[in-house]
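Structural features, examined
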2 protein chains.
Amino acid sequence: MNSLSTLMTPACVIDDSKFQRNIQRMQAVAERDNLVLRPHVKTLKSLAAAERYAPSNGPITVSTLAEAEYFAAAGYDDILYAVGLVPNKYARVQALSERAGKFTVVLDSMAAVNALLAFAEKLEQPLQVMLEVDVDDHRAGLLPMSDALRECAKAIQATPKLHFRGVMTHAGGSYDCFTQQSRDAMALQECQLIAKAALRLHEAGINCELVSAGSTPTALANCNHKGINELRAGVYATFDCVMAGLGVCSFDDIAMSVLTSVIGHQTDKNWVIVDAGWMALSRDQGTASHAKDCGYGLVCDQYGKLLDGWYVSSTNQEHGIISHIDGKQPDASLFAYGNLLRILPIHACATAAQFSEYQVINEQGEIGEVWSRISGW
Amino acid sequence: MNSLSTLMTPACVIDDSKFQRNIQRMQAVAERDNLVLRPHVKTLKSLAAAERYAPSNGPITVSTLAEAEYFAAAGYDDILYAVGLVPNKYARVQALSERAGKFTVVLDSMAAVNALLAFAEKLEQPLQVMLEVDVDDHRAGLLPMSDALRECAKAIQATPKLHFRGVMTHAGGSYDCFTQQSRDAMALQECQLIAKAALRLHEAGINCELVSAGSTPTALANCNHKGINELRAGVYATFDCVMAGLGVCSFDDIAMSVLTSVIGHQTDKNWVIVDAGWMALSRDQGTASHAKDCGYGLVCDQYGKLLDGWYVSSTNQEHGIISHIDGKQPDASLFAYGNLLRILPIHACATAAQFSEYQVINEQGEIGEVWSRISGW
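This is a predicted model, so every value here is computed, not measured. (Residues numbered from 1 in each chain as written. Chains lettered and ligands numbered in written order. Predicted model: local features only at pLDDT ≥ 70, side-chain atom pairs only at ≥ 80, totals over all residues. Heavy atoms only, no water.)

**Structural notes on the interface of chain B and chain A**
Listed by partner, the interface residues are 58 residues for chain B and 58 residues for chain A. Between chain B and chain A the total buried area reaches about 4700 Å² when both faces are included, carbon and sulfur atoms providing 57% of it. When the area that chain B buries against chain A is broken down by residue, the three leading residues are Arg139, Tyr337 and Trp377 of chain B, summing to 18%. At the surface where chain B touches chain A, the tally comes to 8 salt bridges. Between arginine 283 of chain B and aspartate 284 of chain A there is a salt bridge, with its nearest N and O atoms 2.6 Å apart. Looking at the side of chain B that touches chain A, the elements with two or more residues in it are helix 4 (90-99), helix 5 (110-120), strand 11 (256-266), strand 12 (271-274), helix 10 (278-281) and helix 11 (348-352) of chain B. Here the side of chain B that touches chain A gets 5 residues from one element, more than from any other, and that element is strand 11 of chain B. Of the residues in the side of chain B that touches chain A, the class split is 29 nonpolar, 16 polar and 13 charged. (Contact = heavy atoms within 4.5 Å. Buried area = accessible area lost by both parts, 1.4 Å probe. Salt bridge = Lys/Arg side-chain N within 4 Å of Asp/Glu carboxyl O. Helix = DSSP H or I, 4+ residues; strand = E, 2+ residues; numbered from the N terminus. Nonpolar A, V, L, I, M, F, W, Y, C, P; charged D, E, K, R; others polar.)

**A look at the relation of the copies chain B and chain A**
Two copies of one chain are present, and they are related through a rotation about an axis combined with an axial shift. When chain B is brought onto chain A, the operation consists of a screw motion whose angular component is 180 degrees and whose axial shift is 0.0 Å, with 0.0 Å RMSD remaining. As the rotation angle and translation indicate, the two copies are arranged about a two-fold axis. Taking the C-alpha atom as reference, chain B places arginine 283 of chain B closest to the rotation axis, 2.5 Å from it. Interface residue correspondence from chain B to chain A reaches 100%, placing this contact among same-surface, isologous pairings. (Least-squares fit on C-alpha atoms with pLDDT ≥ 70 in both.)

**Quick notes on the packing of aromatic side chains**
Scanning the model with the defined rule gives 15 aromatic pairs over all chains in all. Ring geometry for tyrosine 53 of chain B versus tyrosine 236 of chain B: centroids 6.5 Å apart, planes at 80 degrees, classification edge-to-face. Highlighted residues: tyrosine 53 of chain B in helix 2 (residues 47-53) and tyrosine 236 of chain B in the loop between strand 10 (230-233) and helix 9 (241-246), separated in sequence by 183 residues. Since its relative accessible area comes to 3%, tyrosine 53 of chain B is described here as buried. Three or more aromatic residues joined by ring pairs make a cluster, and in this case those are Phe19, Tyr53, Tyr236 and Trp371 of chain B. One cation-aromatic arrangement involves lysine 292 of chain A over phenylalanine 251 of chain A; the distance from NZ or CZ to the ring centre is 5.2 Å. (Phe/Tyr/Trp six-rings, centres within 6.5 Å; stacked < 30°, edge-to-face > 60°. Buried < 20%, exposed > 50% of the residue type's maximum accessible area, 1.4 Å probe, protein only. Lys NZ or Arg CZ within 6 Å of the ring centre and 35° of its normal.)

**Quick notes on the nonpolar core**
Counting 267 residues, the largest nonpolar core has Phe103 and Val167 of chain A together with Phe103 and Val167 of chain B as its most contacted members. In this view, phenylalanine 103 of chain A contacts Leu65, Ala68, Asp77, Ile79, Tyr81, Val93, Leu96, Ser97, Leu127 and Gln128 of chain A; residues no more than four positions away in its chain are not counted. (Core = buried A, V, L, I, M, F, W, Y, C linked by side-chain atoms within 4.5 Å.)

**Observations regarding the environment of glutamine 181 of chain B**
Residues and elements named next belong to chain B. Mapped onto the secondary structure, glutamine 181 falls in helix 7 (residues 180-203). Glutamine 181 gets classed as exposed once you look at its relative accessible area, which sits at 67%. Distance from glutamine 181 to tyrosine 81, taken between C-alpha atoms, is 31 Å for residues 100 residues apart in sequence.

**Re the domain arrangement of chain A**
Residue and element names in this part refer to chain A. Domain boundaries in chain A define domain 1 (2-11 + 255-372) and domain 2 (33-237). A separation of 35 Å is found between the C-alpha centroids of domain 1 and domain 2. If you look at the interface, domain 1 gives 11 residues, while domain 2 gives 12 residues. The largest per-residue losses of area from domain 1 upon contact with domain 2 belong to Cys349, Tyr358 and Trp371, which jointly make up 51% of the total buried on that side. Our count for the domain 1 to domain 2 interface comes out at 1 salt bridge. Of the charged contacts, one joins arginine 52 and glutamate 369 as a salt bridge, the two residues approaching to 4.0 Å between their closest N and O atoms. Taken together, the links from domain 1 to domain 2 amount to 2 residue pairs in polar contact (both at pLDDT 80 or more). Put simply, the parts of the chain that give the side of domain 1 that touches domain 2 at least two residues each are helix 11 (348-352) and strand 18 (366-372). (Domains from an automatic or database assignment. Polar contact = N/O pair within 3.5 Å; in protein donor to acceptor, adjacent residues only side chain to side chain.)

**Observations concerning the side chain of lysine 18 of chain A**
Note that lysine 18 of chain A resides in helix 1 (residues 16-32). If we skip the residues at most four places from it in the chain, lysine 18 of chain A touches Asp252, Asp253, Ile254 and Ala255 of chain A.

**Focus on the packing of helix 3 (residues 65-73) of chain B against helix 4 of chain B**
All names here are of chain B. Packing of helix 3 against helix 4 leaves a shortest axis separation of 10 Å and a crossing angle of 20 degrees. As summarised for this structure, helix 3 and helix 4 are arranged roughly parallel, according to the angle between their axes. Between helix 3 and helix 4 lies a crossing of left-handed hand. Two secondary-structure elements touch here, helix 3 through Leu65, Ala66, Ala68, Glu69, Ala72 and Ala73 and helix 4 through Arg92, Val93, Leu96 and Arg99. Taken together, the residues of the contact of helix 3 with helix 4 break down into 7 nonpolar, no polar and 3 charged. (Axes fitted to C-alpha atoms, helices over the stretch in contact; angles between N-to-C directions. Parallel < 35°, antiparallel > 145°, perpendicular 65-115°, else oblique. Left-handed = near helix turned anticlockwise from the far one by under 90°.)

Right under this line is the structure:
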């Protein structure tokens, strides 16, 4: 098998043993709390990768219709498209629904429900629909105690062209929870509020087959997830510096890295210049608000060993500048021209999106499989 | 011809008349100052787009070997790969050099020169090489007055396997020049220092066929570009909010936008939620340091009219949150569910990279051509 030194840089690397360890950690939570795990495949968008954490025909979450089509073509049947639907996507949604019986869309307003009702007249089989609930003032969703929630559910249930499947939420606010206690509280809030939404619908005679919630930080919080029956999360399989910065994982758990070469130096500034710029690492600076700002990524040697204090402090399109947090001089042998380094991503979803494939390595650093991914909408 | 309302969102749109106006502006500078214009094709990475601003067989700059191969396959012969070369790219560089006779690589250290010299033994025809010069303490490059610059050039010139073509620089520091005066000064500095580097080599008996410099802000500065014979720039063809924020163009000059749909609202927060998140807009927040922070992009109506004060204040992967800089309530008709909006990109290179094609519209908003692009390395 080949080593990383046979690759052209930059390249995206997955450490398979860390990847599998992370996956097992989330699966253990779902088993412990007796929940269906519906992994979000948006981080890697790869069938080969999904074989590890989202087995064929198991339920998945997707972020684009392109993902839905890619996974449906491979036999996935229960696909939740977790972005509020608009009419310009109806034609593809109809085709998806005919292909994958449990393909499910999400709505969060009467305007969206009314638009779909008008379209649904022409459907030959019912389209699966869920309502999104806002539990953390973070993004989209209906409030659990709102009249609108009940009105939307009633309108969906009233037509045989739509099948109301339940309620879902995503406590993205957990990404701002820097303590275990705050994440535990957010997980409890997420479960309690989505359960309350389901209860209010139940009281109105509307059954929720699915009560679905999750984000990586809340899924991995100290919480028994009472009140939900389905857990959703995505970035846990690789983790990243944002998750490590929150304390959800350690930096050593991060299973993704960008392989890069030292292309030069500016010795008077103690800079090492590499061929991973923002095109490879992404522009995500999600740790800028953290106690430890990892810039555009933390630096490891080619074997994945974290080099304490070294980070990508600046990027251009195809150039990254590595410097030490205390301005130290780079070690001449470690950072020699042509040397390989590996950069831990700030946000794995954003970094992965910059690549069309992943190099999967074993514990000896040998490349086994190469996983392709899709992009676009 | 179709209008934008026939598209699925998000989509990347190029306003062709603005695009051509921007291109003409840069071409006029090159003609005025009697310079060869070597456009950087890294922003759009599209042959169809390049037909507008980098005619076939004209000189171009690229940021990846994938771009070089894509343009070489279409007949481009004079291609400058403007990222410091490392050995893991030699095999592809050799193949490119055999295909495109003036394919040119860039080095900036004796370590890089020595590595290439060792490889060059096996070349059957000379590889074109330039040296990168640092004129603004911004990124890579040899200092103009350094001994290393002369040593590198001498070593390159000493072997028939390499052909020394000249010196190049990119005053990326111009992106921090917020006044006309400072951009004019930076342009002068860029030209004077690269000219000095060329002169020092000339004094050592080494001829620079090319003395190449440029960045969009310095190329468009009040400067006669004396001392160089080649001008390089890229983002000028579309411009973006970073360029407008600097004052290099107006916001109305920006020829790229991301078409998006209103997917929902949070009325108590005065938020409009759209289906362009960071996956469509990129994570670039390059105006965060500007007097006017445009967030993840400024908001226009579907006809491209800027909606004063409205910007994308926050993004998740497939969700964007639009709010008003003064917290205003969104106009119900303008921001109704399902409505189309267009977002001006913060950084066109980063936004364009998120798409595989561009929808090209005329002044009536009708879609003419669809230009495909490449990605990857």
